[in-house]
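Below, each chain spelled out in residue letters.
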Amino acid sequence: MRRQLGPGDLLVLRALGLGDLLTGVPALRGLRRRFPGRTLVLAAPAAIGAFLRGRGVVDEVLVTDGLAPLGARGRGHLAVDLHGKGPESRQLLADTGPDDLLGFATTGPRGPFEGPQWVRHEHEVARWCRLVAAWGAQCGPEDLRLRPRRAQGGAPPAGPVVVHPGAAFAARRWPVERWALVVADLVGRGLEVVVTGTAAERPLGAALAAAGAVDRCGASDLDGLADLVAGARLVLSGDTGTAHLATAFAVPSVTLFGPTPPAWWGPAVDVDLHPVLWHGDPAAQDYVGDPHGAEVDPTLALIGVEEVLDAAHAQLGAHRPAARQPAAR
């Protein structure tokens, strides 16, 4: 593990989950373009950092998680806080001894840190591109892609429909019995459906396997999940890292949003490939629920089975029959 930093290094902290790291890819690419001669060192969890290193987004990984001490020091390097807006993450980077440090303006016990102002109502991709622009780095939503978009008119992927019903918190988990109705419909049309998730989400996989899906919960590491998504003909999920993988690989998807609005976390590129379903009020002054809640968010619960099937069929190019099982309430 890297412990020494020097004048040739650019240290970036984003020690968060998969979706967070993928939305930070444009800023990382902007920094690489701005500082082509420096080694881009990403402080991030091991698996996600290795995933981005393997795709050439970063050069090295300083393994860390959350706000744990980084354990690396040096002189002459640059540092960028892509982790958040608070003083804790900024102080972790300051403790490594950089010559210069970029982050949003914040104040902590050890004094104020200067920088651009944090804007709450801002898309996550735009937020971090705006931050690195303060150092002259240029990036945008097109930098989200980890492979080029398929040319129009080309043959669609022959892979399965991937359904990812889980999420880190219950607030972002659409009811599994509704997912089962979606799976049953798609399987009934002769489509292969694969359900993905962590080992802890195996009960979700078992429930959807009973509806005809192939259960892959707990069976794939991040690279395996990425390969599955990259070869899928369609991805259906909530607001999770799997949805961001679909955006990265330009694979058609449908994403169900609840407590957090898609204006903040929805697909920022190829929007025709990635329709979102959301019943929040974008005109409200503060329309965000609790993404860490222990119960399904009321806004997410408003999404019906018929809506998801309509969106899925539109993406697949399928036609709906006249009669259908009623949507879950």
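Keep in mind that what you see is a predicted model, and the values were worked out from it rather than measured.

Chemist: Which parts of the structure should I look at to understand the state of the cysteines?
Modeler: By definition, a disulfide links the sulfur atoms of two cysteine residues through a covalent bond. Here the structure, examined in full by the defined rule, presents one disulfide. Each sulfur of the disulfide joining cysteine 129 and cysteine 139 lies 2.5 Å from the other. Taken together, the residues cysteine 129 in helix α5 (residues 124-133) and cysteine 139 in the loop between α5 and β10 (161-164) connect sequence positions 10 residues apart.

Chemist: Got a minute to help me understand the nonpolar core in this structure?
Modeler: Judged by nonpolar contacts, the single largest core of 45 residues is most densely connected at Leu52 and Val80. Ranked by residue count, the leading element in this core is helix α8 (residues 222-230), at six residues. Those residues in contact with valine 80, other than ones at most four positions away along the chain, are Leu10, Leu11, Val12, Leu13, Leu31, Leu93, Leu101, Leu102, Leu131, Val132 and Trp135. Listed in part, the 27 residues of the second largest apolar core include Leu208, Leu234, Val305 and Ala311.

Chemist: Explain the sheet that holds strand β6 (residues 78-81) to me, please; I cannot follow it from the model alone.
Modeler: Backbone hydrogen bonds are what pair the strands of a sheet, in a parallel or an antiparallel way. One open sheet holds the five strands; their spatial order is β4-β3-β2-β6-β7, and the pairing between them is parallel. The open sheet has two edge strands, β4 (60-63) and β7 (100-102), and neither has a second partner. If you compare each strand with its neighbour and ignore which way they point, the axes differ by 20 degrees on average. In this structure, strand β3 (residues 39-44) lies alongside β4, joined through four bridges in parallel fashion. Each residue of the ladder has a partner; that of valine 41, found in β4, is glutamate 60. The sheet strands contacting helix α3 (residues 46-54) are β3 and β4, and the helix crosses β4 at an angle near 175 degrees.

About the cut-offs
Residues numbered from 1 in each chain as written. Predicted model: local features only at pLDDT ≥ 70, side-chain atom pairs only at ≥ 80, totals over all residues. Heavy atoms only, no water. Disulfide = S-S within 2.5 Å. Helix = DSSP H or I, 4+ residues; strand = E, 2+ residues; numbered from the N terminus. Core = buried A, V, L, I, M, F, W, Y, C linked by side-chain atoms within 4.5 Å. Buried < 20%, exposed > 50% of the residue type's maximum accessible area, 1.4 Å probe, protein only. Contact = heavy atoms within 4.5 Å. Pairing = 2+ DSSP bridges. Axes fitted to C-alpha atoms, helices over the stretch in contact; angles between N-to-C directions.

Any link to function would need more than the numbers given here.
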